Amino acid sequence: MTLKSRPLVSVLRIGLINYNTGLQLQKMLSNQSIDHRWQFHNYLVLQEHNPVYTIGIRTKDYLEEDEKRLRKLGAEFYRTNRGGLITFHGPGQLVAYPIIHLQQFTPSMRWYVSTLEELIIRTCRELGIAEATRTEHTGIWVKDRKICAIGVHGSRYITTHGVGLNCCTNLKWFEHITPCGIEGKGVTSLSEQLERQVTVEESIEVLLKMFTEVFQCQLCEESSNT
């Protein structure tokens with residue numbers, strides 16, 4: 001694929017926002033009126049969220065009393081249409097949502113999830129974590145601890161939701177849930193693994209470099225006010 005023929009993806013750096021604001025932005029960007037797949041404007045939304053627990057479409061174990069318990073911790077709680085089970089988003093975690101039309105790339109959700117996994121693996125390894133890898137469980141792991149959650153949704157080849165990479169996240173928030181529904185596993189972060197402060201901003205620069213490689217696309221920065 002030549003550089004000229006590669007799909008164009010606009011990068012939106014949103015900063016720290018409430019989860020619902022992010023949901024509304026995803027809805028706006030994904031509900032484009034188009035006549036042809038190449039008219040779809042692809043986006044990569046980069047953000048952090050205020051403390052929030054979210055569950056995916058497969059989660060049935062979290063009842064109203066669980067929601068109340070988690071809200072009392074000072075976090076929000078949302079039920080979403082993404083895949084995957086319960087997870088936490090908060091400051092210090094890079095949340096990256098590709099809003100793309102897969103027919104401009106490869107029209108396969110399996111390919112898409114695999115490519116997201118490869119994106120995070122390469123990002124972690126570029127930063128110095130050689131052991132970051134896939135397992136039989138969703139997400140990216142360093143041994144028996146998850147460093148990145150993955151939960152996506154696809155409709156008419158258009159993707160929403162994405163990944164949450166722990167950079168310098170306060171991992172104590174995860175102690176109140178069974179992360180992604182997996183017993184006996186833990187969570188970790190880039191900062192914990194590298195034994196230094198790894199900011200979201202530092203991680204973004206590496207992730208953008210890896211994104212162009214694994215998605216074989218061109219990136220352009222765009223104002224978040226667009």
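Treat the numbers as computed from the prediction; the structure is a model and nothing was measured.

## Focus: the pattern of salt bridges
Side chains that carry opposite charge are capable of pairing whenever their charged atoms lie near each other.
Working step 1: Going through the model one piece at a time under the given rule, you end up with 13 salt bridges.
Working step 2: Here Glu 118 and Arg 134 are joined by a salt bridge, their closest N and O atoms 3.5 Å apart. Pair noted here: Glu 118 is in helix H3 (residues 109–127) and Arg 134 is in the loop between strand E7 (132–133) and strand E8 (140–142), with a separation of 16 residues, a long-range link.
Working step 3: According to the relative accessible area criterion, Glu 118 is partly exposed, its value standing at 24%.

## Description of helix H5 (residues 200–214)
Working step 1: Relative to the 21 Å expected for 15 residues at 1.5 Å per residue, H5 spans 20 Å between its end C-alpha atoms, a close match to the ideal helical length.
Working step 2: Within the sequence span of H5, burial applies to Val 200, Ser 203, Ile 204, Val 206, Leu 207, Leu 208, Met 210, Phe 211 and Val 214.
Working step 3: At the exit of H5 stands Gln 216, carrying a positive phi of roughly 50°.

## Some thoughts on the packing of aromatic side chains
Working step 1: Tallied over the full model, the rule gives 9 aromatic pairs.
Working step 2: Between Phe 88 and Phe 174 the ring centres are 5.5 Å apart and the planes differ by 80°, which places this aromatic pair in the edge-to-face class. One end of the pair, Phe 88, is in strand E5 (residues 87–89); the other, Phe 174, is in the loop between strand E10 (158–166) and strand E11 (186–187), with 86 residues separating them in the sequence. As far as burial versus exposure is concerned, Phe 88 and Phe 174 are alike and both buried.
Working step 3: When the centroid spacing of 6.1 Å and the interplanar angle of 90° are considered together, the rings of Phe 105 and Phe 215 count as edge-to-face. Of this pair, Phe 105 sits in the loop between strand E6 (93–99) and H3 while Phe 215 is found in the loop between H5 and strand E12 (218–222), placing the two residues 110 residues apart along the sequence. No difference in accessibility class separates Phe 105 from Phe 215, as the two residues are buried.
Working step 4: The rings of Phe 105, Trp 111, Tyr 112, Phe 211 and Phe 215 are connected pair by pair, giving a single aromatic cluster.

## Overview of the packing of H3 against H5
Working step 1: Where H3 meets H5, the closest approach of the two axes is 9 Å, and the angle between their N-to-C directions is 130°. Between H3 and H5, the crossing angle belongs to the class labelled oblique. In this structure, H3 meets H5 at a crossing whose hand is right-handed. Facing Thr 115, Glu 118, Leu 119, Ile 120, Arg 122, Thr 123, Glu 126 and Leu 127 of H3, the residues of H5 in contact are Glu 202, Ser 203, Val 206, Leu 207, Lys 209, Met 210, Phe 211, Glu 213 and Val 214.
Working step 2: By residue class, the composition of the contact of H3 with H5 is 8 nonpolar, 3 polar and 6 charged.

## Some remarks on the sheet that holds strand E4 (residues 76–79)
Working step 1: An order of E4-E3-E5 is seen for the 3 strands of this open sheet, with the pairing classed as mixed. Either end of the sheet is taken by a strand with one partner, and the two such strands are E4 and E5. For this sheet the average axis-to-axis angle between neighbouring strands, irrespective of direction, equals 25°.
Working step 2: This element, helix H1 (residues 19–30), spans strand E3 (52–55), E4 and E5 of the sheet and lies at about 35° to E4.

## Focus on unusual backbone geometry
Working step 1: We note that Tyr 157 has phi near 70°; this positive angle belongs to a residue other than glycine.
Working step 2: Looking at the element boundaries, Tyr 157 is found in the loop between strand E9 (145–155) and E10.
Working step 3: Despite not being glycine, Gln 216 has its phi angle at roughly 50°, a positive value.

About the thresholds
- Residues numbered from 1 in each chain as written.
- Predicted model: local features only at pLDDT ≥ 70, side-chain atom pairs only at ≥ 80, totals over all residues.
- Heavy atoms only, no water.
- Salt bridge = Lys/Arg side-chain N within 4 Å of Asp/Glu carboxyl O.
- Helix = DSSP H or I, 4+ residues; strand = E, 2+ residues; numbered from the N terminus.
- Buried < 20%, exposed > 50% of the residue type's maximum accessible area, 1.4 Å probe, protein only.
- Expected span 1.5 Å × (residues − 1).
- Phe/Tyr/Trp six-rings, centres within 6.5 Å; stacked < 30°, edge-to-face > 60°.
- Axes fitted to C-alpha atoms, helices over the stretch in contact; angles between N-to-C directions.
- Parallel < 35°, antiparallel > 145°, perpendicular 65-115°, else oblique.
- Left-handed = near helix turned anticlockwise from the far one by under 90°.
- Contact = heavy atoms within 4.5 Å.
- Nonpolar A, V, L, I, M, F, W, Y, C, P; charged D, E, K, R; others polar.
- Pairing = 2+ DSSP bridges.

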